[in-house]
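Examination of the molecular architecture
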Amino acid sequence: MPTGKLAEWKIFLNEFDIVYITQKAIKRQALSDHLVENPVDGDYEPLTTYFPDEEVLFAGEDIEELYTGWRMFFDGAANFKGDGIGAILITESGQHYPASAKIRFPCTNNIAEYEECIFGIIMAVDMNVKELLVIGDSDLLIHQVQGEWSTKNVKILLYLHCVKELCRKFTKIEFKHVPRI
């Protein structure tokens, strides 16, 4: 329980909508995060937000140079509006197809990560993509799909089977983990 000055500041700052935004390593990941935090639904209003990290460039390995085919970035967020998922499909020529949705049931972070991945893969299947590089920041999901880690959680196991079933619809699909930092 905060006491003294800490409690005073917490009460004082509680009336403001303060959101901590971490620095993004990949521009496309920032776009994915933005779409997730602002899903289109029945209460849609034009976005008045901006991308605070739009000047940040990826300082590490350039994924575009290493993989020239279709790429998919996926990510999710939990905020005061609820859980949201988002994915961005990028063609060989660099055309972006972003999509976002709201999860309307309570779920864990790991289930949300699987929902995001499945959402993006289904989008790629619907667009008749045959080769895909799936990029996400979920270490657990990537390693489980690649068969490096196992799971005992029955709920996660169902999602894992769904991802693997969707992977059969591609001639080539790879998964790449990009750290959250």
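Residues numbered from 1 in each chain as written. Predicted model: local features only at pLDDT ≥ 70, side-chain atom pairs only at ≥ 80, totals over all residues. Heavy atoms only, no water.

**Some remarks on the overall build of the protein**
We apply this condition: Only runs of H or I of at least four residues qualify as helices and only runs of E of at least two qualify as strands under DSSP, and these elements are numbered from the N terminus. We call a residue buried when its accessible area falls under 20% of the maximum for its residue type, exposed when it is over 50%, and partly exposed in between, using a 1.4 Å probe and counting protein chains only. Throughout, a residue-residue contact means that at least one pair of heavy atoms, one from each residue, lies within 4.5 Å.
The number of helices and strands found in the protein is 6 helices and 5 strands. Listing the helices and strands of the protein from first to last along the sequence gives α-α-α-β-β-β-α-β-α-α-β. Across the 181 residues that make up the protein, the buried fraction comes to 40%. By sequence separation, contacts in the protein at least 24 residues apart represent 67% of the contacts at least 6 residues apart.

**As for the pairing of strand 4 (residues 131-136)**
Short version of the rule: Paired strands are those between which DSSP finds at least two bridges.
By the criterion of burial, strand 4 is predominantly enclosed, with 5 of the 6 residues buried. Two strands pair when backbone bridges link them, and strand 4 and strand 5 (residues 172-177) are joined in this way by 6 bridges, in the parallel orientation. From the neighbouring strand, Glu131 faces strand 5, where its bridge partner is Lys172.

**What to know about unusual backbone geometry**
One non-glycine residue, Asn128, lies in positive phi territory at about 60°. Looking at where Asn128 falls in the secondary structure, it is placed in the loop between helix 4 (109-126) and strand 4. Looking at Asn128, the relative accessible area reads 60%, which means it is exposed.

**Some thoughts on helix 6 (residues 154-167)**
Note the cut-off: The span expected for a helix works out to 1.5 Å for each residue beyond the first. Whenever a nitrogen or oxygen atom comes within 3.5 Å of another N or O atom, the pair is scored as a polar contact, on the condition that within protein one atom can donate a hydrogen and the other can accept it, and that pairs from neighbouring residues in sequence are kept only if both atoms are in side chains.
Taking 1.5 Å as the rise per residue, helix 6 with 14 residues should run 20 Å; its terminal C-alpha atoms sit 20 Å apart, in good agreement. The elements touched by buried residues of helix 6 are helix 4, helix 5 (139-145) and strand 5. Here helix 6 starts with a cap whose side-chain oxygen sits 2.9 Å from the backbone nitrogen of Lys155, and that cap is Asn153.

**A word on the side chain of Glu113**
Mapped onto the elements of the fold, Glu113 is located in helix 4. Judged by its relative accessible area of 7%, Glu113 falls in the buried class. Ignoring anything within four residues of it in the chain, the contact list for Glu113 reads Phe74, Asp75, Asp137, Ser138, Leu141 and Arg180.

**Overview of the confidence of the model for the protein**
Applied cut-off: For every residue, the predictor states its confidence as a pLDDT score lying anywhere from 0 to 100.
Mean pLDDT over the protein stands at 77; residues scoring 70 or higher make up 64%. Looking across the protein, the model is least confident in helix 3 (residues 63-66), with a mean pLDDT of 55, and most confident in helix 6, with 94.

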